[in-house]
Number of protein chains: 2
Amino acid sequence: MSDFLYLRENNIKEIIELMLEAYTESYSDPYEILKKNSFGRAHHRLICTVNANPGMKVADLIKKLKITKQSLSRVLQELIKDKIISQSKGKIDGRQRLLHLTEKGEKISEEIFSIQKERILKAFKECDSQEVLNFKKVLKKIINN
Amino acid sequence: MSDFLYLRENNIKEIIELMLEAYTESYSDPYEILKKNSFGRAHHRLICTVNANPGMKVADLIKKLKITKQSLSRVLQELIKDKIISQSKGKIDGRQRLLHLTEKGEKISEEIFSIQKERILKAFKECDSQEVLNFKKVLKKIINN
DNA sequence: TTTATGTAGTCAGTATTGCTGACATATATT
DNA sequence: AATATATGTCAGCAATACTGACTACATAAA
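(A) Up close: the overall build of chain A. When you go through chain A residue by residue, the secondary structure sums to 7 helices and 3 strands. Taken from the N to the C terminus, the helices and strands of chain A come in the order α-α-α-β-α-α-β-β-α-α. Each principal axis of the C-alpha atoms in chain A carries an extent, and together these give about 55 × 35 × 25 Å. Per-residue burial for chain A yields a buried fraction of 47% across its 145 residues. Residue pairs at least 24 apart in sequence account for 48% of intrachain contacts in chain A once pairs closer than 6 positions are excluded. Carbon and sulfur atoms make up 51% of the accessible area of chain A, which totals about 7,800 Å².

Now the structure itself:
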């Protein structure tokens, strides 16, 4: 067992539960906006990820969301039909379909974001700049396993 | 628009996407262990939350997981039948059912945790004690909206 | 050029997770 | 005794995700 308090099992365990809770809270905020557009959690995950990674290819989206292409396809086709997301053929590799938010997609994404932002801003205003930067740094390290 | 860099829209937006990604990554790690026990995401959320809040009542679990009692009930009854979670009548308020992990439940919880821990520990070892404490602090502030 | 591989799309069927509404039971409160 | 609260249950439905099999097309390798 480590001598460093912050590496102790109980601390790690607590943080894992806090991450679940923070995710559940943050992603429940936009519920009404999503519902208004007949979208659900799956659409939300897709919009959020494409927004953060414009021009990403389908395979990368599948990898990030950890779902099968069949599961992705249903939701993606709905968003394409609703003109929230657009696809373009890859210029270097013509097999790829690159994903972008449309203007309409950007608008919905902003609407969703503005609700989530409230919670995050409220939290961050009680923190100093360094704490927020560290938070981001740690998040990134968790992702890059 | 704020003068504080860390409160700028792009930073907040990036952090929201990182939280989604960190959650997706962290909660995909225990997949094999859950599958082995014929459990899914719903069971996982339940086990994790009861583990972190032993003796919590059903209503609190519903509130935390943001699902209906009917949705909870199906999964909870499965876990009770499999002797992963136990219920006890509240001593102060006899209507309440207080939830605990059984010995078997603790064991599975540990098994799940040990996989998730790897990722978190790896990340935390690249950070100093203060950064990890800040991370936890910010997470908590996000939750307490 | 032919063949193999990689990217994406599609069809069919199934399991899991979540919802609503209605109703039941036990306990607590007034 | 009447009402409110906490939990459980039944039935039906919708959304999300899975597997397997197959197609179409583009690129890479032989």
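(B) Empty space enclosed by the protein, seen in detail. Inspection of the entire model under this criterion finds 3 cavities of 30 Å³ or more. Of the pockets and cavities examined, the largest cavity occupies roughly 60 Å³. Listing elements by their share of the lining of the largest cavity, those giving two or more residues are helix H1 (9–26) of chain A together with helix H1 (9–26) of chain B. Along its surface, the second largest cavity is lined by Glu17, Leu20, Glu21 and Thr24 of chain A together with Thr49, Lys64 and Leu65 of chain B. Broken down by secondary-structure element, the contributors of at least two residues to the lining of the second largest cavity are H1 of chain A together with helix H4 (58–65) of chain B. At 4 residues, H1 of chain A tops the list of elements feeding residues into the lining of the second largest cavity.

(C) Spotlight on helix H6 (residues 103–124) of chain A. All names here are of chain A. For H6, which comprises 22 residues, the first-to-last C-alpha distance of 29 Å matches the rise-based estimate of 32 Å (1.5 Å per residue) to within 8%. Where H6 bends most, at Lys117, the angle is about 30 degrees. Three or more residues of H6 are buried, namely Gly105, Ile108, Ser109, Ile112, Phe113, Gln116, Lys117, Arg119, Ile120, Leu121, Ala123 and Phe124. Taking the backbone nitrogen of Lys104 as reference, a side-chain oxygen 3.3 Å away marks Thr102 as the first, capping residue of H6.

(D) Quick peek at the protein's contact with DNA strand C. Near DNA strand C, the surroundings consist of 26 residues, among which Lys69 and Gln87 of chain A together with Thr68, Arg74 and Lys89 of chain B are the closest. Counting only the atoms of DNA strand C that lie within 4 Å of the protein, the sugar and phosphate share comes to 57%. Here a phosphate oxygen of DNA strand C sits 2.6 Å away from a polar atom, N or O, in the main chain of Thr68 of chain B. Taking Gly94 of chain B, its main chain carries an N or O atom lying 2.8 Å from a phosphate oxygen of DNA strand C. Tallying contributions element by element places helix H3 (residues 41–52) of chain B first for the surface near DNA strand C, with 4 residues. Of the residues contributing to the surface near DNA strand C, the split by class is 5 nonpolar, 10 polar and 11 charged.

(E) The arrangement of the relation of the copies chain B and chain A in detail. Placing chain B over chain A gives an RMSD of 0.1 Å and needs a rotation angle of 180 degrees, together with 0.0 Å of translation along the axis. In short, the pair behaves as if placed about a two-fold rotation axis. Closest approach to the rotation axis among the C-alpha atoms of chain B is made by Phe135 of chain B, whose C-alpha sits 2.4 Å away. By residue overlap, the copies meet face to face through one surface: 100% of the interface positions of chain B are interface positions in chain A.

(F) Up close: the sheet that holds strand S1 (residues 56–57) of chain B. All names here are of chain B. The strand order across the open sheet formed by 3 strands is S1-S3-S2, and the pairing between neighbours is antiparallel. A single partner strand is all that each edge strand has here, and the edge strands are S1 and strand S2 (85–89). By the bridge criterion, 5 bridges tie S2 to strand S3 (residues 97–101) in an arrangement that is antiparallel. Paired with Gln87 across the bridge in S3 is Leu99. H3 rests against S1, S2 and S3 of the sheet, and its axis sits at about 100 degrees to S3.

Calculation criteria
- Residues numbered from 1 in each chain as written.
- Chains lettered and ligands numbered in written order.
- Predicted model: local features only at pLDDT ≥ 70, side-chain atom pairs only at ≥ 80, totals over all residues.
- Heavy atoms only, no water.
- Helix = DSSP H or I, 4+ residues; strand = E, 2+ residues; numbered from the N terminus.
- Buried < 20%, exposed > 50% of the residue type's maximum accessible area, 1.4 Å probe, protein only.
- Contact = heavy atoms within 4.5 Å.
- Areas by Shrake-Rupley, 256 points an atom, 1.4 Å probe, with all protein chains shown as cover.
- 1 Å grid on protein atoms, 1.4 Å probe; cavity = no way out; pocket = protein on both sides within 12 Å on 5 of 7 lines; lining within 4 Å.
- Points joined across faces, edges and corners; volume = space filled by probe spheres on them.
- Expected span 1.5 Å × (residues − 1).
- Bend = angle between axes of the 7 residues up to and from the residue.
- Polar contact = N/O pair within 3.5 Å; in protein donor to acceptor, adjacent residues only side chain to side chain.
- Near = heavy atom within 4 Å.
- Nonpolar A, V, L, I, M, F, W, Y, C, P; charged D, E, K, R; others polar.
- Least-squares fit on C-alpha atoms with pLDDT ≥ 70 in both.
- Pairing = 2+ DSSP bridges.
- Axes fitted to C-alpha atoms, helices over the stretch in contact; angles between N-to-C directions.

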